[in-house]
Amino acid sequence: MDEIVALSKRRGFIFQTSEIYGGLGSTYDYGHYGVLLRNNVKAEWWRAMLRDRDDIVALDSAILQHPRTWEASGHLEGFTDPLVQCLGKCKKRWREDHLRAEQLGDEKAEGEIRCPECGGELSEPRQFNLMFKTHMGPVEESGSEVYLRPETAQGIFVNFKNVLQFSRKRPPFGIAQIGKSFRNEITPGNFVFRTREFEQMEMEFFVPPADAPEWHQRWMDERMRWYTGLGIRPDQLRLREHGADELSHYSSATSDVEYLFPMGWSELEGIANRGDFDLTQHASFSGEKLEYFDQASGDRYVPYVIEPAAGVDRAVLAFMVDAYEVEEVEGRKRTVLRLHPRLAPVKAAVLPLVSKEGMPERAREVFEAVRAKLPAEYDEGGSIGKRYRRQDEIGTPWCITVDGGTLEDGTVTLRDRDSLEQTRLAAQEIPDELARRLQQPWRSPKLAE
Ligand code: GAP
């Protein structure tokens, strides 16, 4: 993980927020390549939800919701973690269940746990609500309290009736949304794996109750395919079913997609059968009917919900970890991000061999033609070797070098990030060739190891 953190900072993917003030607990900013990678991850999710099927519609609900939303959803009462505080020297706060898992092998195990920092005794646990509270309007008084949403899902449930009216969909159908969520985590950590401000990609799929188990299975298969289709090695990915004692208050069955992160198997995405819990709760708290009336059969029912809920930041981290490789090429260390070309922040870099003899001008022309087809970068600073290394580190799948030969016969060198193969091609063929390569299936070269 340290190497990923260092690469992220060195190449401007992800870094501490407010660094000049010493940072702010586990809060991160995304730089240029981080933004591009993140955008590509989100675009692939939208593509899987919207473009590749026609039973899901999009939504972008507000971060601030009516406070009753969180009463109905159960978050106000039950969205808590058990907090213990060190009574010894360091006075640090910890999550009791995490300490039990680390020190006793199971988060529910009985027995004494100690402060991992200073070995001090710990306080009795108290339930700590993870929602960030703020006030709406100029006066901080009770009644003006609102919450930053801890999940995007509730914005979908409260809009069920609206969406049903304008989308002309009937179950089975889904509502998808990507957006920021906030949780006042007691122990954030592991880089962007657990932070207090993060982004979710959630889809609520409404089905006739009897069909829920089948759709749950379908969505588990679908979501596993999404990750492996974008290059995650299948042996680093698994589905883990929650035990009865792990299930959230709303769920009758949940399986987590887990990735083998450097700190061990950890949740990437949860896929839950939420039953009719949310629609029933919001119907009862709001007085609105949140149900579906099937005119053909005359059936009226509250749909069940299957929810694949993923984290953008965790997905970005998993794609980076899975892609990261350090190898030796001709006696020199090469760090490379073997990202799926569709996820790579930059698809192609155009590099003049030297910045003289008319090469930069010719390379600029090639660059203009390439970037008309796909995201590309022009780089003329430093030795060609250093520029290749830089592109390898940000995961650029193809580099095009303009050299003396280009000026003579119009050909350029096309270098492949993964195989390091260099092919000579006519410059005018490059944009179409790259567009063709981008459409090809891709398999992680790390799989062959
Ligand atoms: N609506 C259901 C829901 O929110 P969740 O398992 O609490 O379920 C879904 O969250 C996903 O959101 C997680 O699998 C994870 O990828 C991401 N996520 C949750 N808490 C996070 C945090 N503190 N930091 C980063 N990502 C987080």
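Parameters and conventions
Residues numbered from 1 in each chain as written. Predicted model: local features only at pLDDT ≥ 70, side-chain atom pairs only at ≥ 80, totals over all residues. Heavy atoms only, no water. Phe/Tyr/Trp six-rings, centres within 6.5 Å; stacked < 30°, edge-to-face > 60°. Helix = DSSP H or I, 4+ residues; strand = E, 2+ residues; numbered from the N terminus. Buried < 20%, exposed > 50% of the residue type's maximum accessible area, 1.4 Å probe, protein only. Lys NZ or Arg CZ within 6 Å of the ring centre and 35° of its normal. Near = heavy atom within 4 Å. Polar contact = N/O pair within 3.5 Å; in protein donor to acceptor, adjacent residues only side chain to side chain. Areas by Shrake-Rupley, 256 points an atom, 1.4 Å probe, with all protein chains shown as cover. Nonpolar A, V, L, I, M, F, W, Y, C, P; charged D, E, K, R; others polar. Axes fitted to C-alpha atoms, helices over the stretch in contact; angles between N-to-C directions. Parallel < 35°, antiparallel > 145°, perpendicular 65-115°, else oblique. Contact = heavy atoms within 4.5 Å. Pairing = 2+ DSSP bridges. Salt bridge = Lys/Arg side-chain N within 4 Å of Asp/Glu carboxyl O.

Visitor: Help me out: how do you make sense of the packing of aromatic side chains in this one?
Guide: Aromatic rings in a pair are described by how distant their centres are and how their planes are angled relative to each other. In total, this model carries 16 aromatic pairs according to the counting rule given. Aromatic side chains F193 and F261 sit 5.3 Å apart centroid to centroid with 75 degrees between the ring planes, which places their arrangement in the edge-to-face category. Of the two residues, F193 is situated in the loop between β9 (173–182) and β10 (197–207) and F261 in strand β12 (residues 253–261); the sequence distance between them amounts to 68 residues. Residue F193 is classed as buried on the basis of its relative accessible area of 7%. When the ring centre of Y250 is taken as origin, the NZ or CZ atom of R274, which lies over that ring, is 3.6 Å away. The ring of Y388 carries R415 above its face, with NZ or CZ at 4.3 Å from the centroid.

Visitor: Would you mind showing me how to read the site of the ligand here?
Guide: Near the ligand there are 21 residues, and of these E151, R183, T195, E202 and E267 occur at the shortest range. E185 places a side-chain nitrogen or oxygen 2.8 Å from a nitrogen atom of the ligand. Take T195: an N or O atom from its main chain is 2.8 Å from a nitrogen atom of the ligand. Relative to its unbound accessible area of 550 Å², the ligand is 91% covered by the protein chains. The set of elements that each furnish at least two residues to the shell around the ligand consists of β10, β13 (264–275) and β16 (304–311). The element contributing the most residues to the shell around the ligand is β13, with five residues. Of the residues in the shell around the ligand, the class split is seven nonpolar, four polar and ten charged.

Visitor: Explain the packing of helix α2 (residues 32–51) against helix α10 (residues 312–323) to me, please; I cannot follow it from the model alone.
Guide: Geometrically, a packed helix pair is captured by the angle between its two axes and the distance between the axes. One can describe the packing of α2 onto α10 by two numbers: an axis separation of 10 Å at closest approach and a directional angle of 110 degrees. Between α2 and α10, the angle falls in the class roughly perpendicular. In this structure, α2 uses L37, R38, V41 and K42 to contact α10, whose residues at the interface are V312, D313, A315, V316, F319 and M320. A breakdown of the residues in the contact of α2 with α10 according to their chemical character gives seven nonpolar, no polar and three charged.

Visitor: Just checking my understanding: could you explain the sheet that holds strand β23 (residues 422–426) for this structure?
Guide: Strand order in the open sheet formed by five strands is β20-β19-β21-β22-β23, and the pairing between neighbours is mixed. Each edge of the sheet is formed by a strand with only one pairing partner; in this case those strands are β20 (376–378) and β23. The sheet shows a mean angle of 25 degrees between the axes of neighbouring strands, direction not considered. Pairing of strand β21 (residues 398–402) with strand β22 (residues 411–416), which is carried by four bridges, proceeds in the antiparallel orientation. Bridged to I400 within β22 is L414. Packed onto the sheet, helix α12 (residues 384–394) meets β19 (348–352), β20, β21, β22 and β23 and runs at close to 170 degrees relative to β19. Contacting β19, β21, β22 and β23, helix α14 (residues 430–439) crosses the sheet at an angle of about 20 degrees to β22.

Visitor: I keep staring at the pattern of salt bridges and nothing clicks. Help me out?
Guide: Working definition: two side chains of opposite charge can pair if their charged atoms are close together. For the structure shown, the criterion picks out 48 salt bridges. A salt bridge links R38 to D313; the shortest N-O distance between them is 2.9 Å. Residue R38 is found in helix α2, and its partner D313 is found in helix α10; the two are separated by 275 residues along the sequence. For the pair shown, R38 and D313 are each scored as buried. As a salt-bridge pair, E117 and K92 come within 3.4 Å of each other at their nearest N and O atoms.

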